Amino acid sequence: MTYSIIARCPHTGRFGVATTTFSLACGRRNESLRPNVGVSKSQAFYLRRVDPFVLNMLAQGHTPAHIARLLEADDPDFEYRQFAIIDRESNVFAHTGAAIGQWAGHLVGPYYAAYGNGLAGPQTVEGIVAGFMSDPDAPLEERLLRGIEGGRDAGGQRFKGMHRPERSAWLRVIDRLDWPQIDLRVDMHDRTVAELRRLFEEF
C-alpha cells in the first residue's frame, strides 16, 4: 500500500520523488534517483534490483519503454509489479501489474508519473496529480509534496474498506551533483504526511 509521484522539472532538469506508504522506512529501501540520468521508483511487490538496473540502463541511453520491456522479459511475476521511469529528456513510462490486487493504477503526464496500490480508488492518484499541478511554477520539491498531500486528502490507502494510515514518507530531489538537495524522511508518526510538510518547512 503505497502512493508516489516522480517527476523531472521542465525548467531546471532536476529529478524528484515523493512517496508515502503503510510500510516502514520507505526512504531507506529505495535507490531511485541518479543525477544527470533519471528517476526510477518501483513498489508493490518490490524487487530491490529493479531501480539500480533501470538507472544503469538509462545511463547507457536506453529509453524507459525499452527498459520496461527488458524487465517484463526477465520477471515471471511482472504483473505483480508497479513502477515508473523518467529519463533526462522527460520521457515517461509507468506500469501497474494486473495481479497487484486492491485498487492500483497510475497517471502519466509530460514529465511526471503518479501511481499507487492498495488505494481508496482512482481518486487518490487523481488527487496526487491535482496537488502536483496546482502551481506549475513552484519548485519541484514543493510540487511533489503537494502531490502526496493531494493523494492523502483524496482518500489515501484503504484495506478491506478501512483507511490504512501512512506510516512512512520520503521526499528527495537531486540536481546535477552527486548528492541530494532535498532528502527528508518520516517514520512511524501519527500524521506522517503532515510531519513531512513540517520537516520540509523547517529544512
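The preceding data block contains the structure.
Draft legend 1. Just the sheet that holds strand β12 (residues 180-187), in detail. On the basis of which strands lie adjacent, the open sheet formed by six strands has the order β7-β8-β1-β2-β11-β12 and antiparallel pairing. With one partner strand each, in any of the chains shown, β7 (104-108) and β12 form the two edges of the open sheet. Between one strand axis and the next, the sheet turns through 5 degrees on average, direction left out of account. Looking at chain direction, β7 and strand β8 (residues 112-117) are connected through five bridges and run antiparallel. Its bridge partner being in β8, Ala104 is matched across the sheet by Asn117.

Draft legend 2. View of the pattern of salt bridges. Tallied over the full model, the rule gives twelve salt bridges. Ionic pairing is found between Asp175 and Arg176, a salt bridge with its closest N-O pair at 3.1 Å. Classification of Asp175 by relative accessible area gives partly exposed; the value is 25%. A single network of salt bridges, built from pairs that share partners, joins Glu142, Arg146, Glu149, Arg197 and Glu201.

Draft legend 3. Structural view of the nonpolar core. The biggest cluster of nonpolar side chains holds 26 residues, and the ones touching the most others in it are Ile5, Phe132, Leu140, Leu144, Ile148, Leu171 and Leu196. Listed by contribution, the elements that provide at least two residues to this core are β1 (2-8), β8, α3 (122-132), α4 (140-153), β11 (168-174), β12 and α5 (192-202). Those residues in contact with Leu171 that sit more than four places away from it in its chain are Val17, Ala18, Glu141, Leu144, Ile182, Asp183, Leu184, Leu196 and Phe200. Membership of the second largest hydrophobic core comes to 13 residues, among which are Ile6, Ala94, Tyr115 and Ile174.

The rules behind each value
- Residues numbered from 1 in each chain as written.
- Predicted model: local features only at pLDDT ≥ 70, side-chain atom pairs only at ≥ 80, totals over all residues.
- Heavy atoms only, no water.
- Pairing = 2+ DSSP bridges.
- Helix = DSSP H or I, 4+ residues; strand = E, 2+ residues; numbered from the N terminus.
- Axes fitted to C-alpha atoms, helices over the stretch in contact; angles between N-to-C directions.
- Salt bridge = Lys/Arg side-chain N within 4 Å of Asp/Glu carboxyl O.
- Buried < 20%, exposed > 50% of the residue type's maximum accessible area, 1.4 Å probe, protein only.
- Core = buried A, V, L, I, M, F, W, Y, C linked by side-chain atoms within 4.5 Å.
- Contact = heavy atoms within 4.5 Å.

Spatial relationships are all this shows, so hold off on functional conclusions.
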